[in-house]
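# Fold and contact review
Below are the chains, spelled out letter by letter.
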Amino acid sequence: MTNEKINALAAKAHAMYGKRLKSEDYSNLLALKNIREIADYLKGRTSYSSIFTSTAVNNELTEELVESLARERNESLIRKIGSYSYFIGDDLYKLIILESDIKVILGSARLIVAPTARENTYVTDDFCKKHSTLNHKLLYSAEKVNDFSQALHGTVYYKMLLPHMNVVANKFDLSQMEAQLQDYTYSILENHCKKNPKSGSEFKNLINLRADQFNISLIYRLKKYSDRSNEDIQKHIYSKHGTLSAKQINELISCESDEEYLKILNNTSFASCIDKDSLDYIEGALENSIYKVYKKYLKQSTNPDIQVYSFIYLVRNEYRNLVKIIEGKKYNLPEDEILKLIIGYTH
């Protein structure tokens with residue numbers, strides 16, 4: 001793989017990112033009243049115009065349909081990047097496949113726990129299916145944990161998830177499965193760092209930020225809204241990654257009030273992004289902080305693979321923002337309440 005090819009991959013990402021929704025678009029969308037007005041705006045004034053091409057779309061417009069079309073549009077951008085990455089011999093496409101595999105695995109497991117959730121099932125695309133080792137049909141048709149287990153047999157995921165599946169009781173430990181898959185993702189990223197030492201420190205920074213985000217929000221939510229013991233919370237912590245020390249993690253787990261929680265965080269790199277007002281949506285406060293790093297890396301990193309990885313995050317974040325606006329309007333949330341949920345918005 002030549003530098004020209006990997007730089008061309010980054011250039012494609014930058015060109016696509018140039019068509020993103022701007023702050024002005026978010027402001028205008030937040031001021032609209034319903035899905036018809038949102039669709040008209042997206043069709044007439046943004047790069048999402050391509051999703052409104054059929055007569056059926058215009059005649060049968062629903063929130064769910066627009067969300068689905070917007071998601072497919074954004075995922076198609078990522079597929080283009082993945083296909084080109086595969087074509088030039090770059091490993092970055094494997095991260096796209098891995099993310100798809102995790103959604104399929106967790107989605108099919110949740111269907112066994114809650115079969116009525118089938119309408120929200122993640123459906124992967126042909127590119128990810130082609131390069132995945134999963135048997136998607138078997139996974140999504142599994143009705144019991146044993147069926148699910150057998151569907152994973154022969155893949156790298158089988159042994160790592162088997163300890164979290166109780167075939168006899170027909171139960172999963174979904175939180176532990178999710179943690180295990182996240183750890184595996186981190187290990188793949190670390191291997192990518194070794195192959196691409198120039199981008200290694202930036203990838204490690206993103207890994208640590210993600211681990212910190214998970215730990216900080218998980219501890220707060222479990223302590224605030226559950227009766228789990230400190231020992232049980234400790235079992236769910238990502239201990240292999242992150243910038244928080246073991247002492248800081250233990251202090252967060254042991255603290256007894258919001259004030260004490262914030263005081264501990266004041267001695268971390270997250271002090272500037274979390275305050276008392278942001279605790280209600282602590283995940284969003286952390287996500288806004290991480291968003292800034294991805295955006296910085298896309299614009300300033302000298303490493304093409306970091307630029308592309310950042311692009312993938314930013315594209316998916318834009319889709320999530322769009323869904324929050326659509327759903328907020330659907331349920332008549334005040335504009336300022338929807339605004340709190342938007343990641344990366346600046347006035």
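Whatever comes next refers back to the structure up there.
Structural notes, computed from the coordinates. (Residues numbered from 1 in each chain as written. Predicted model: local features only at pLDDT ≥ 70, side-chain atom pairs only at ≥ 80, totals over all residues. Heavy atoms only, no water.)

### Topic: the pattern of salt bridges
- Counted under the stated rule, the structure contains 14 salt bridges.
- Notably, a salt bridge pairs Glu-178 with Arg-110, separated by 4.0 Å at the nearest N-O pair. Remark: Arg-110 occurs in helix H6 (residues 93-113) and Glu-178 occurs in helix H11 (residues 174-195); sequence separation between them is 68 residues.
- The class of Glu-178 is partly exposed, set by a relative accessible area of 35%.
- With its nearest N and O atoms 3.2 Å apart, the salt bridge here joins Asp-258 to Lys-224. With Asp-258 in helix H15 (residues 258-265) and Lys-224 in helix H12 (residues 197-225), this pair connects stretches of sequence that are 34 residues apart.
- What emerges from the salt-bridge pattern is a single network uniting Glu-72, Arg-79 and Asp-125. (Salt bridge = Lys/Arg side-chain N within 4 Å of Asp/Glu carboxyl O. Helix = DSSP H or I, 4+ residues; strand = E, 2+ residues; numbered from the N terminus. Buried < 20%, exposed > 50% of the residue type's maximum accessible area, 1.4 Å probe, protein only.)

### Here we look at the packing of aromatic side chains
- Tallying each qualifying case throughout the model produces 12 aromatic pairs.
- Consider the rings of Tyr-86 and Tyr-93, whose centres lie 5.1 Å apart with planes at 80°: the pair is edge-to-face.
- Among the residues examined, Tyr-93 registers a relative accessible area of 13% and is labelled buried.
- One aromatic cluster in this structure is built from Phe-203, Tyr-294, Tyr-309 and Tyr-313. (Phe/Tyr/Trp six-rings, centres within 6.5 Å; stacked < 30°, edge-to-face > 60°.)

### What to know about empty space enclosed by the protein
- Applying the stated criterion to the full structure yields 1 cavity of 30 Å³ or more.
- Its boundaries defined by the atoms lining it, the largest cavity holds a volume of some 70 Å³.
- Residue lining of the largest cavity: Met-16, Tyr-17, Lys-19, Arg-20, Arg-73, Leu-77, Phe-311, Leu-314, Val-315 and Glu-318, and that is the complete set.
- Broken down by secondary-structure element, the contributors of at least two residues to the lining of the largest cavity are helix H1 (3-17), helix H5 (63-88) and helix H17 (304-330).
- The element that contributes the greatest number of residues to the lining of the largest cavity is H17, accounting for 4 residues.
- In the lining of the largest cavity, the residues fall into 6 nonpolar, no polar and 4 charged. (1 Å grid on protein atoms, 1.4 Å probe; cavity = no way out; pocket = protein on both sides within 12 Å on 5 of 7 lines; lining within 4 Å. Points joined across faces, edges and corners; volume = space filled by probe spheres on them. Nonpolar A, V, L, I, M, F, W, Y, C, P; charged D, E, K, R; others polar.)

### Here we look at unusual backbone geometry
- Backbone geometry places Asn-170, a non-glycine residue, at a positive phi of 55°.
- Structurally, the position occupied by Asn-170 is in the loop between strand E1 (165-166) and strand E2 (171-172).
- At Asn-332, a position not held by glycine, the phi torsion is positive, near 60°.
- Of note, Asn-332 is situated in the loop between H17 and helix H18 (335-341).

### A look at helix H16 (residues 282-300)
- The end-to-end C-alpha distance of H16, which contains 19 residues, comes to 27 Å, matching closely the 27 Å that a straight helix rising 1.5 Å per residue would cover.
- Turning to H16, its buried residues are Ile-282, Gly-284, Ala-285, Leu-286, Glu-287, Ser-289, Ile-290, Tyr-291, Val-293, Tyr-294, Tyr-297 and Leu-298.
- Looking at the buried positions of H16, the neighbouring elements they touch are H1, H12, H15 and H17. (Expected span 1.5 Å × (residues − 1). Contact = heavy atoms within 4.5 Å.)

### Details of the nonpolar core
- Counting residues in hydrophobic clusters, the biggest one holds 65 residues, and the most contacted among them are Ile-216, Tyr-261, Ile-274 and Phe-311.
- No other element matches the 10 residues that H12 contributes to this core.
- Setting aside residues no more than four positions away along its own chain, Ile-274 makes contact with Ile-216, Leu-262, Leu-265, Leu-279, Ile-282, Ala-285 and Leu-286.
- In this structure, Ile-102, Val-104, Ile-112 and Leu-181 belong to the second largest nonpolar core, which totals 25 residues. (Core = buried A, V, L, I, M, F, W, Y, C linked by side-chain atoms within 4.5 Å.)

### Here we look at the layout of surface pockets
- Of the volumes computed, that of the largest pocket is approximately 1,900 Å³.
- Glu-99, Ile-102, Lys-103, Arg-316 and Arg-320 are the residues nearest the centre of the largest pocket, which is lined by 50 residues in total.
- Taken together, the elements giving at least two residues each to the lining of the largest pocket come down to H5, H6, H11, H12, H16 and H17.
- The biggest single contributor to the lining of the largest pocket is H6, with 9 residues.
- The residue inventory of the lining of the largest pocket, partitioned by class, reads 22 nonpolar, 10 polar and 18 charged.
- In this structure, the second largest pocket is lined by 23 residues; those nearest its centre are Gly-284, Ala-285, Asn-288, Lys-340 and Ile-342.
- Those elements that provide at least two residues to the lining of the second largest pocket are H16 and H18.
- Of all the elements, H16 adds the most residues to the lining of the second largest pocket, at 7 residues.

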